[in-house]
Amino acid sequence: QVQLVESGGGLVQAGGSLRLSCAASGRTISGVAMGWFRQVPGKEREFVAGINWSGQTTGYADSVKGRFTISRDNARNAMYLQMNSLGAEDTAVYYCAVTRYSSIYYTRAGAYPFWGQGTQVTVSS
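Throughout what follows, the structure given in this document is the object of discussion.

## As for the nonpolar core
In terms of nonpolar packing, the biggest core is built from 34 residues, with Trp36, Leu81, Met83 and Tyr94 touching the most fellow members. For this core, the element with the highest residue contribution is strand 9 (residues 92-98), accounting for 5 residues. Sequence-distant contacts of Leu81, that is, excluding residues within four places in its chain, are made with Leu18, Arg19, Leu20, Trp36, Val48, Ala49, Phe68, Thr69, Ile70 and Tyr94.

## Here's the deal with the pattern of salt bridges
For the structure shown, the criterion picks out 5 salt bridges. With a closest N to O distance of 2.6 Å, Arg38 and Glu46 form a salt bridge. Exposure remark for Arg38: the relative accessible area of 5% places this residue in the buried category. Asp90 is paired through a salt bridge with Arg38; the nearest N and O atoms lie 2.9 Å apart. Of this pair, Asp90 sits in the loop between strand 8 (78-83) and strand 9 while Arg38 sits in strand 4 (residues 34-39), and the two are 52 residues apart along the sequence. In this structure, a network of salt bridges that share partners links the residues Arg38, Glu46, Arg67 and Asp90.

## Topic: the state of the cysteines
Tallied over the entire structure, the rule returns 1 disulfide. The side chain of Cys22 participates in a disulfide bridge whose partner is Cys96; the two sulfur atoms lie 2.1 Å from each other. Residues Cys22 and Cys96 are joined through a disulfide that is right-handed, its torsion about the S-S bond being 60°. Here the residue Cys22 occupies a position in strand 3 (residues 18-25), and Cys96 occupies one in strand 9, the gap between them amounting to 74 residues. There is no split in this pair, since Cys22 and Cys96 are both buried.

## Side note on the packing of aromatic side chains
For the structure on display, the rule yields 6 aromatic pairs. For the pair Phe37 and Phe47, a centre-to-centre distance of 5.7 Å together with 75° between the ring planes defines the contact as edge-to-face. One end of the pair, Phe37, is in strand 4; the other, Phe47, is in strand 5 (residues 46-51), with 10 residues separating them in the sequence. Ring centres 6.1 Å apart and planes at 5° place the aromatic pair Phe47 and Tyr105 in the stacked group. Of this pair, Phe47 sits in strand 5 while Tyr105 is found in the loop between strand 9 and strand 10 (114-115), placing the two residues 58 residues apart along the sequence. Classification of Phe47 as buried rests on a relative accessible area of 12%. Judged by its relative accessible area of 22%, Tyr105 falls in the partly exposed class. By the ring-pair criterion, three or more aromatic residues cluster together here, those being Phe37, Phe47, Tyr95, Tyr105, Tyr112 and Trp115. The ring of Tyr106 carries the charged tip of Arg108 above its face, separated from the ring centre by 5.9 Å.

Definitions and cut-offs
Residue numbering note: each chain is counted from 1, following its sequence as written. For this predicted model, a pLDDT threshold of at least 70 governs which residues receive local features, and a threshold of 80 or more governs which side-chain atom pairs are given and counted, while totals over whole chains, interfaces and linings are taken from all residues. Only hydrogens and water are set aside; all other atoms, that is, all heavy atoms of the structure, feed into the side-chain values. The definition of a nonpolar core used throughout is a set of buried Ala, Val, Leu, Ile, Met, Phe, Trp, Tyr and Cys residues joined through side-chain atoms within 4.5 Å. Residue exposure (1.4 Å probe, protein chains only): buried if accessible area is under 20% of the type maximum, exposed if over 50%, otherwise partly exposed. Elements are defined by DSSP. Helices are runs of H or I of four residues or more, strands are runs of E of two residues or more, and each kind is numbered from the N terminus. Contact between two residues is taken to exist if any of their heavy atoms lie within 4.5 Å; hydrogens are not considered. Whenever a carboxyl oxygen of Asp or Glu lies within 4 Å of a side-chain nitrogen of Lys or Arg, that contact is scored as a salt bridge. In this description, a disulfide is simply a cysteine sulfur pair whose atoms lie within 2.5 Å. Two aromatic rings, drawn from Phe, Tyr or Trp (for Trp, its six-membered ring), form a pair once their centres lie within 6.5 Å of each other, and the interplanar angle then sorts them: stacked below 30 degrees, edge-to-face above 60, tilted otherwise. Two thresholds decide whether a charge sits over a ring: the Lys NZ or Arg CZ must be within 6 Å of the ring centre and within 35 degrees of the ring normal.

This is the structure in structure tokens:
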């Protein structure tokens, strides 16, 4: 089992930046892929960004490409999401997720068995 805790969410004005962190415990996450997802009420959880086990391969949803950057620090058992040029459409609860064995990330939420509790990001316009 692995436990995930997100932090760094909050209220920010449009055009601003936030950096989300995901701290893992219970097992090392250095050999498995991770991802960030977000969800707004009434909608399905959607893929935001993914990163492979080494951090060398990343992928982004079209809506965040060029504005968000995913990274990880395996030595710290952590993952990050740098979010720049935030807009009202980015308002959501953001979740980090870990695959059980896969070294490559997936864009579908069902591929991730481990999730954090989420952190709220609110962008005011």
